[in-house]
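Remarks on the overall topology
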Amino acid sequence: MTVDGRTAVSFYLDDVGPYVTEFSKEGKPMHPVPVSALEEFAEFVKEQGLAGAVSVIPGLNCLLTEPKNDVERDYAKFVGRLSRYNLDAHMEIMTHGPLFDFDEMKPIEGTSEAEWLDDPNVSLEEYLRYFRNTIKVGRKLGVTYTGLSTPGTHPNMNPNVWKALARLADEGEFPNPAVPVFAVIDESPPVMRPVLVARSGRGASYDMPSGVWDYIASWRNSPDWIDVDRYLTPQGKGRMADLIRNGSPTAIFHMHWQGLNPATGLGWPAFQELIRRLNDQFGDRIVWKRPSEIALEAYKSSDF
């Protein structure tokens, strides 16, 4: 939350993996991205004193626990080191696509994880089982998940999702009792802060939206979706500027690997420019925090 009156700034980076799909091209071709791109991003975060969360999706376009080539092996090795760069690891669920069979270790044709998160008929036990299994796969990669970033936006997510995350936090499946969840994008509030959604024993899950649509590094990887001024103009206007000037406890934005990765992402220079503007204009009014830190501070300030 706020530290000495400063706004806690953070980000979510979605869809991270050894392959990206070029949605802007006919046939939506998929191509590999070398792990050096993820290393370059992580080094930039560390050098600039930033903090955020990166989605680690073990079954996105491949199975990282069973790598088939050097690109996949390199990613499988590197994702376990993200915490060294002040980066949380978030579940974006097991595949970001179809549901996953953890007995057969392969995707299931039919319902997507995104649809499943909203399905009001899914029980608490089903969510608990699926999340536990995803956490176990993450541990095989050396990954300790701290929160959830949902595939797609979910303003009407099944309440059992929130309850399951709080239960798992109470059971010690997460490193902290407070679990941050990125499920929606909301540009309307003048200030933003974590919102407690569910409690279970000593565990809690918090709604922590992105405060601005992704016009830095969209999954489209299109120049039409790059607009640093939407966040912060050279004259000090924009959504991030408004949140900071309003004394918002948090100012969180999100990005996508398709558009951000330094190898092929058109948004990489835009991200760097945003950081430069934030430092130049608001360096003394912001403090970078991981989403897990923000959620934990909200938890500690409550009556648990």
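Here's what I pulled together on the structure shown here. (Residues numbered from 1 in each chain as written. Predicted model: local features only at pLDDT ≥ 70, side-chain atom pairs only at ≥ 80, totals over all residues. Heavy atoms only, no water.)

Some details on helix H4 (residues 124-140)
Two residues of an α-helix separated by three or four positions point the same way, owing to the 3.6 residues in each turn. Condition: In this description a helix means any DSSP run of H or I spanning at least four residues, a strand means any run of E spanning at least two, and both kinds are numbered starting from the N terminus. Working rule for helices: expected span equals 1.5 Å times residues minus one. Relative accessible area decides the class of each residue, using a 1.4 Å probe on protein chains only: under 20% of the type maximum gives buried, over 50% gives exposed, and in between gives partly exposed. Any two residues whose heavy atoms approach within 4.5 Å at even a single point are treated as in contact.
Between its first and last C-alpha atoms H4 spans 25 Å; for 17 residues at 1.5 Å apiece the expected length is 24 Å, and the two agree. Regarding H4, the residues found buried are Tyr127, Leu128, Tyr130, Phe131, Thr134, Ile135, Val137 and Gly138. Contact partners of the buried residues in H4: strand E5 (87-91), strand E6 (98-101), helix H3 (113-118), strand E8 (145-149) and helix H5 (159-170). Positive backbone phi, approximately 80°, marks glycine 142, located one or two places after H4.

A word on the packing of aromatic side chains
Under the convention used in this document: Side-chain rings of Phe, Tyr and Trp, where Trp is taken by its six-membered ring, are said to pair if the distance between their centres is within 6.5 Å; with planes under 30 degrees apart they count as stacked, over 60 as edge-to-face, and otherwise as tilted. We call a charge positioned above a ring when the Lys NZ or Arg CZ atom is no farther than 6 Å from the ring centre and deviates by at most 35 degrees from the ring normal.
Within the structure shown, the criterion is met by 20 aromatic pairs. Their ring planes at 80° and their centres at 6.2 Å tell us that phenylalanine 11 and phenylalanine 271 sit as a pair that is edge-to-face. With a gap of 260 residues between them, phenylalanine 11 in strand E1 (residues 7-14) and phenylalanine 271 in helix H8 (residues 268-282) connect regions that are remote in the sequence. Phenylalanine 271 carries the same exposure label as phenylalanine 11, and that label is buried. Lying over the aromatic face of tyrosine 85, lysine 46 brings its terminal NZ or CZ to 5.8 Å of the ring centre. One cation-aromatic arrangement involves arginine 220 over tryptophan 225; the distance from NZ or CZ to the ring centre is 3.5 Å.

What about the pattern of salt bridges?
Note the threshold: Salt bridges are counted wherever a side-chain nitrogen of Lys or Arg sits within 4 Å of a carboxyl oxygen of Asp or Glu.
Counted according to the given criterion, the structure contains eleven salt bridges. A salt bridge links arginine 277 to glutamate 273; the nearest nitrogen and oxygen atoms lie 2.8 Å apart. With a gap of four residues between them, arginine 277 and glutamate 273 both fall in helix H8, about one helical turn apart. Arginine 277 sits in the buried class, given a relative accessible area of 11%. For arginine 276, the salt bridge goes to aspartate 280, with nearest N and O atoms at 2.8 Å. Linking arginine 276 with aspartate 280, this pair stays in helix H8, spanning four residues, or about one helical turn.

Remarks on the packing of helix H1 (residues 35-48) against H8
Condition: Between N-to-C directions, angles span 0 to 180 degrees; the directions come from axes that are lines fitted to C-alpha atoms, helices contributing only their stretch in contact. Comment on the angle field: the value is read as roughly parallel under 35 degrees, roughly antiparallel over 145, roughly perpendicular from 65 to 115, and oblique elsewhere. When residues are sorted by character, Ala, Val, Leu, Ile, Met, Phe, Trp, Tyr, Cys and Pro go into the nonpolar class, Asp, Glu, Lys and Arg into the charged class, and all the rest, Gly among them, into the polar class.
Across the interface, H1 lies against H8 with an axial gap of 12 Å and an inter-helix angle of 5°. Taken together, H1 and H8 sit at an angle that is classed as roughly parallel. Facing H1, whose interface residues are Glu40, Phe41, Phe44 and Gln48, H8 presents Trp268, Phe271, Gln272, Ile275 and Asn279. When grouped by side-chain class, the residues that make up the contact of H1 with H8 number five nonpolar, three polar and one charged.

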